[in-house]
Every structure is written in structure tokens, then in C-alpha cells.
Amino acid sequence: MSSLFPNLFSPFQMKGLEIRNRIFSSGHDTDLARGGIPTDELIAYHVARARGGVGLIVVQVVAVHDSARYTSEVLQGADDDCIPHFSRLFDAIHREGAAAFVQLFHPGRELAARRDGAVMPAWGVSQAPSERFKVVAKTMSTDEIGEIISGYGDAARRMAAAGVDGVEIVGSHGYLPSQFLSPSINFRTDEYGGNPENRRRFVDEVIQSIRSTCPEELIVGARLSGDEFDSGGLDEDAMFEICRNLAPSLDYLNVIAGTSASSGGSVHIVPPMTVSNGYMAPFSAKLKQAVGPTAVLVAGRINQPQDAEKIVREGAADMCGMTRAMICDPRMPAKASLGQVDDIRACIGCNQACIGHAQLGLPISCIQYPESGRELRFAEKPRAEVSRRVLVVGGGPAGMKAAITAAETGNSVTLWERSSRLGGQALLAQALPNREEFGGIINNLEGELRRAGVSVSLNSEFDQPNCSEFSPDAVVLATGSRRWMPPIEGGEGVEILHHEDILAGAKTGQRVVIYDWRTDWIAIGMAELLSQSGADVRLAVNGVCPGFAIQNYVRDAAIARLYRLGVETTAFMRLYGAEDRTVYFVHTAAQEPVVLEDVDTLVVVPPNQPEVGPADWLKSSGIPYRIIGDALAPRTAEEAVYEGLTATLELLT
Ligand SMILES: Cc1cc2nc3c(=O)[nH]c(=O)nc-3n(C[C@H](O)[C@H](O)[C@H](O)COP(=O)(O)O)c2cc1C
Ligand code: SF4
């Protein structure tokens, strides 16, 4: 047992099952299933987490019926043929000492999937339209409700036959069970609607269906939102009552928050860095007092063992979901139990490559740890046959990951950074409001550099004489990108600043227009910073909306903040010129002029340009080299770190 975290690493008994500690990986879509069944990639993904010490893995959603195809690659539990495939997954998790549960799922009206190119008709409780996916469902008949209820029971029986320890009904996030529970969605007048007892009937019958078809020892739990955080949805009081009533027929309740049905509610499906750590623990604590022997699990931005230990120690929950914490560092539990807390690569809640990938239909990964989701290719790195003297130039995320990778494969590695600090563009990100946690990527990579034994030289300029003197066997150029300003017609009578000027302390006038070419987090941060300092801010976006290029829960949380600050936004703007307190744009869709008047300061948030200086003479030097990250083409930290891994492996192995 860990002396630092004695409660977190104490075993937990759920029904007949002993779980080795209190950490679980909650159900999350990986896009690593194919044809409805687990792939070798999905198995390797979960084996890495089980080997890393997690107590329980709740495997991602399994569709219980043909109408529950949530995505084209959802796991399917509607046919007996699936049993041997799931056995491989559950056996692999068990072999590493972790327990295995699986989620049983029907999205109801929250369905955007296509079949043969056409949007499928959603099976819903009633015709209440879904705001976010613009769905009006077909209302299920009583027979169809019966078919879905049997589908849960049959899918659970198949999972039990495949060796799973428990099943979890996904009643959270506005999916089908919670649509039955919600008076603003369930307009039925039959025995499944009309009063709280009738609205609960569907979930009660699903539980009965599972219990009656499965072995007695199978654990049956439900995931429920403790608050949908939607003005038309189920609030904390309503959810508390629902949980209290369902608890006696369940072995556990797994608390999270939010609903898929609205923009503000969906932010809580994967809460970004602006949401406080462990924010649902007060609800789970209250629930635990009320539901007696039923176990209570909680998740939501619990990304450090210290927080999880506190939750378990204070009796706020029996187990803590630490899902992104282990997407980012599969060995987080093992490191915590050994007291190696500083070695943990902490998740920063950016949502970029985990849920961001899932929403793009791409396999799961992590911006800080591109090995995640790519375990079969990268978890075991080849060792260099002969150790080489590797020089990495540039100390941003790309260069840091390149240096770590080169050192981990058995080379002698030196990193030169021209400035006095490591971090590159990530230093800028962490300087913006509501983006501070992004700086965690620098701390994490710095720690990894140290542990990998990389020699770091700050204030070190890379040029031909210095390189010749150092005499490297291979070079990785990660020199990043530099600031750039687009040509702007006119320029008299309006102060024009670059966003980096603002971060360096430049002051604006009262009436500010921000031109956002990037549609990422920078212009949002600028708008927040300047509004908070008292300026009147208008945001002219070269795209559909602010944050269009970033993950939509991060974006929507930001749009809510901009709205509250009173920032006026205009979409489809291309900057043309600025003169005499007026800024001129072209509407990119209409191709017509747009004029914003009464402007003191224009803040431009343009793209960067690659900083490739030394590459020319390096080419003729005969030294093997690679250019990576922004130095190759300015993109995000995700590509920087990914290329730090992949290009370095290509160069050295
Ligand atoms: C890529 C990804 C996919 C997810 N898919 C699901 C899902 O299918 N079912 C579910 O209940 N939650 C899903 N979630 C939410 C997680 O289970 C979890 O509640 C959320 O990430 C917050 O916990 P964390 O802060 O520990 O990551 C998903 C999360 C991520 C990152
Ligand atoms: S991509 Fe960001 S949010 Fe997702 S696991 Fe990695 S650090 Fe965490």
C-alpha cells in the first residue's frame, strides 16, 4: 500500500469483486473499435492502463440495439458473435490485475450517426427536439421500448459470457435513460411518462432485464449526471432524488455531469481546464450519505492522486475516475503508489487529442503523449544499436519531445535553446486567462528531459561554427516559428498591435477591435484579457465563430465567457485595412466590405511563419537531420510533440 496515498491504494470490495485500488478509467470512446468489435489496438490501449496500475477499467460504450449506433465505429453488443472478441479484451485486462466493466448504451435522440451516407432516424422517448444535433426523433412505441429493454438484457448477458465483471447503464449526459427521466423531454402519456415513477420505469425495467438474464454475481451500475448544467435539464435536486430512488436496485452509481443536448451542458461531458478539479465530489459526497450500501463513484477533472486521495479519505466517493489522467500517463497509478508523484505527466484538460480526436472520428491520443492510442507502434521503443551524439535545436514542445525520444532510445542528447527558458509557444499560451494550465505541458516535458538524462543549454545559439565544434552525429531542428504581421492597407489613425505586444505589456486604447485569423484560443484570451482590463472589445473572426479550430467543449466554454463579458463578435471577416479610427474588412462569404468604426486599437492575431534559419548549410554538411514542428510548418503543440516522437525515431532507428 502507498504510504503517500493510503486510502486511494486500499482495495475496494464491490459485491463479490475485490478491486485492487480506488482508481478507475471511466467509459470513453477511443475510436479503436472496428466493425463493432475490439481491435488489437484497443486491447493494447487498455492493457497499457491495466499494466500501469489502474484498479478498474470501464470499457467504452457498447450499443444495445441496431438503433443505438452512436458512431460508425461503436462497439456492438447486439449479436452473440461478439462474445469471443470481447473475451479477448476482458481477459487481457484481467491478466494485468485490473477489473473490467463495460458500458451499455443507447443514445436515444442524441444521434448524429449516418448509415450508407444518410442520417439515421433516432429512436426517442417523444418528439422533443435535440438542440445540439438538430434531431427530432421518432417516438418509440411501447413494443419498441420493450425491444430496447430486452436489448440491454441481451447485451449484458453477452458481456457476462465474455467474462466482464460488471455492466454500467449509461444514464448520464442526456442519453436515452435520462431522456425518459427528464420531464422536459419525456412527454409520454403511457406508463413510461407523466410522473416521476413512470419516468423512472424504463431504467427500472432495464435493470430488471439485466438482472434476470445475467448471473447473480454480475455487478450492475449506472452512470448518471449529478447536474445536467442546462437551464431546461435535470438539476442537482432532481438528479439527487433520481439517484436516491434508483440506488437500492444498483450495485453502484457513477456520478458525472452535463448533457449532450445543449452547448453549455455538453461542456461537462469532458470538462476542460477551466472547470475546477473534482467538481462533482460535493454531489457524490451528499449521495454517498444517502444511498447506504450502494457504492458511489465520481469523475470529472480528477487529474492528480492528491485530489483523488482526498476524495476517498473524506468519504466523498468510493472510487475516483481519472480518465484523461491515464490517457496522458497510463502509469499514473503505479507512479503514485511508488510515491513518484513528480514523475506523473499531468493532464492539462486541453481536450485536444483525446475527445478532440474522437469528435473528428480519429483514434484517441494525447497532445503530451502521442504514444497513447498508438501503443502497438510506440509503447516499446527500439534501442539504438550504437549510441549517437544527438543535438536537438529548440526547446519548445517539439524539441523537448525529440530530445526525450532520442535519449530514451539510447543516445547521448544535448538540447540547445536560444532563449533563457524552455517552452516555446506554450509559454505564450499559459500567459492567457483561462489557459494557465497549458503551461503544465512545459513542466511535464522538463521533468521527462531531466529523467531521460538530456543535457540542456539555454541561451545557446545554433550556427555553423557552434555546430561544427559540437560535432553531432545527428541533428533535430525544432526552431519553432516567429511572429508575422499581414500587410494592412493604410495604417494611419489606428494603433495596430500584434497579440504578442499585448502579452509583452503594451497598452491599448478604450475601443479595441481584435482580428482573429487563427480561430484558436489566442484571440479568445486577448478578448478576455482586454475586456477584463476595461476596454470595449469587438472580435472580428476570420471563420465561423471564435474558437472554431479548437475542441468544441473548450470553444463553447470560451464563447460563454465572451458572451458574459459583452464581447461583440462578427464572423467571416478578412482584414483589409485600417485608417482614421476605422477598420475595413471583407466578408469572406459575401465578398463585400464591412466597416467597423470608432476604433482606437486594432489587435491582430495572425498566423506565425516557420523559423528555419540553419537548415540550408546543414543540408550540405552531410549530418543527418530532420526539421520538425512549427519550424516545418506552424501548427499546434499536438503536431509538435507528435513529430518530436515520430521524426526522431525515423532519424535514429
Ligand atoms: C475521448 C473521450 C471519450 C469519451 N467518451 C465517453 C463515453 O463514451 N461514455 C461516457 O460515459 N463518457 C465518455 N467520456 C467522458 C469520460 O468518461 C469522463 O467522464 C471525462 O473524461 C471526465 O473525466 P476525466 O476528467 O477523468 O477525464 C469520454 C471522454 C473522453 C476524453
Ligand atoms: S489531450 Fe489534453 S486533455 Fe486530453 S488527455 Fe492529453 S493533456 Fe489531457
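Structure's up top.
Residues numbered from 1 in each chain as written. Chains lettered and ligands numbered in written order. Predicted model: local features only at pLDDT ≥ 70, side-chain atom pairs only at ≥ 80, totals over all residues. Heavy atoms only, no water.

1. Considerations on the overall build of the protein chain
No. 1: Summing up its helical and strand segments, the protein chain has 22 helices and 33 strands in all.
No. 2: Here the C-alpha atoms of the protein chain give a radius of gyration of 26 Å, agreeing with the 26 Å that 2.2 N^0.38 yields for 653 residues.
No. 3: Taking the principal axes of its C-alpha atoms as reference, the protein chain extends roughly 75 × 65 × 50 Å.
No. 4: A total of 653 residues make up the protein chain; the buried ones form 60% of that total.
No. 5: The long-range share in the protein chain, meaning contacts at least 24 apart out of those at least 6 apart in sequence, stands at 71%.
No. 6: For the protein chain, the accessible surface area stands at approximately 25,000 Å², while carbon and sulfur atoms represent 49% of it.
No. 7: Both charge centroids of the protein chain, one from 59 positive and one from 81 negative side chains, sit 3 Å from each other. (Helix = DSSP H or I, 4+ residues; strand = E, 2+ residues; numbered from the N terminus. Rg over C-alpha atoms; globule rule 2.2 N^0.38 Å. Buried < 20%, exposed > 50% of the residue type's maximum accessible area, 1.4 Å probe, protein only. Contact = heavy atoms within 4.5 Å. Areas by Shrake-Rupley, 256 points an atom, 1.4 Å probe, with all protein chains shown as cover. Lys, Arg positive; Asp, Glu negative; His and termini not counted. Charge placed at Lys NZ, Arg CZ, Asp CG, Glu CD.)

2. What about the pattern of salt bridges?
No. 1: With the rule as written, the count across this model stands at 37 salt bridges.
No. 2: One salt bridge connects E314 with K310, and the closest N-O pair in it is separated by 3.6 Å.
No. 3: E314 sits in the exposed class, given a relative accessible area of 52%.
No. 4: Note on K310: relative accessible area 42%, which makes it partly exposed.
No. 5: In this structure, R626 engages E650 in a salt bridge whose closest nitrogen and oxygen atoms are separated by 3.6 Å. (Salt bridge = Lys/Arg side-chain N within 4 Å of Asp/Glu carboxyl O.)

3. Considering the site of ligand 1
No. 1: By nearness alone, 21 residues border ligand 1, and S26, G27, R223, R301 and R324 come closest of all.
No. 2: G27 places a polar main-chain atom, nitrogen or oxygen, 2.8 Å from an oxygen atom of ligand 1.
No. 3: At a separation of 2.8 Å, an oxygen atom of ligand 1 approaches a polar side-chain atom of R324.
No. 4: With the chains in place, 96% of the 600 Å² that ligand 1 exposes on its own is no longer accessible. (Near = heavy atom within 4 Å. Polar contact = N/O pair within 3.5 Å; in protein donor to acceptor, adjacent residues only side chain to side chain.)

4. Section: the nonpolar core
Most often, soluble globular proteins keep nonpolar side chains buried together rather than apart.
No. 1: Ranked by size, the top nonpolar core spans 112 residues in total, and within it F90, M159, V167, F202 and I210 carry the most contacts.
No. 2: One finds V392, I522, A523 and V537 within the second-largest nonpolar core, a separate group that totals 59 residues. (Core = buried A, V, L, I, M, F, W, Y, C linked by side-chain atoms within 4.5 Å.)

5. Some points on the sheet that holds strand β24 (residues 495–498)
No. 1: The parallel open sheet is built from five strands, whose spatial order is β24-β31-β25-β26-β27. With partners counted over all chains shown, the strands left at the sheet margins are β24 and β27 (568–570), one partner each. In this sheet, neighbouring strand axes are inclined to one another by 20° on average, regardless of whether the strands run parallel or antiparallel.
No. 2: Sheet topology note: the strand β25 (residues 511–516)/strand β31 (residues 601–605) ladder contains five bridges and is parallel. Looking across to β31, one finds that V512 is bridged to T601.
No. 3: Docked against the sheet, helix α19 (residues 521–532) engages β25, β26 (536–541) and β31, running at close to 170° with respect to β25. (Pairing = 2+ DSSP bridges. Axes fitted to C-alpha atoms, helices over the stretch in contact; angles between N-to-C directions.)

6. A look at the pairing of strand β19 (residues 412–416)
No. 1: Along β19, four of the five residues are buried, which leaves the element largely enclosed by surrounding structure.
No. 2: Handedness of the crossover joining strand β18 (residues 389–393) and β19 through helix α14 (residues 397–408): right-handed.
No. 3: In terms of strand pairing, β19 meets strand β20 (residues 455–457) through three bridges, oriented parallel. Among the inter-strand pairings, L415 is bridged to a residue of β20, identified as V456. (Right-handed = clockwise from strand over helix to strand, strands pointing away.)

7. Brief notes about α14
No. 1: Helix length check: α14 (twelve residues) gives 16 Å between terminal C-alpha atoms against 16 Å at 1.5 Å per residue, within 8%.
No. 2: With eleven of its twelve residues buried, α14 lies for the most part within the structure.
No. 3: Residues P397, A398, G399, M400, K401, A402, A403, I404, T405, A406 and A407 constitute the buried set of α14.
No. 4: Packing partners of the buried residues in α14 comprise β18, β19, α15 (425–429), α16 (440–452), β21 (474–477) and α22 (637–652).
No. 5: One or two residues past the end of α14 sits G410, with phi positive at roughly 95°. (Expected span 1.5 Å × (residues − 1).)

8. Regarding the sheet that holds strand β33 (residues 625–627)
No. 1: One open sheet holds the five strands; their spatial order is β20-β19-β18-β21-β33, and the pairing between them is parallel. Every interior strand has two partners, whereas the edge strands, β20 and β33, have only one. Each strand axis lies, on average, 15° off the axis of its neighbour in the sheet, ignoring direction.
No. 2: Taken together, the five bridges between β18 and β19 define a ladder with parallel strand orientation. Paired with R389 across the strands is S412, a residue of β19.
No. 3: Running over the sheet, α14 touches β18, β19 and β21 and is turned about 170° from β19.
No. 4: Most of the contacts of α22 go to β21, to which it runs at about 165°, and overall it touches β18, β21 and β33.

9. Re the pairing of strand β29 (residues 582–587)
No. 1: With six bridges connecting them, strand β28 (residues 573–579) and β29 associate as antiparallel partners. What sits directly across from A578, in β29, is V583.
No. 2: Remark: two residues form the turn of the hairpin made by β28 and β29, two consecutive strands paired antiparallel; D580 in that turn has positive phi of roughly 45°.
No. 3: Judged from the six bridges that link them, β29 and strand β30 (residues 592–597) form a sheet pairing that is antiparallel.

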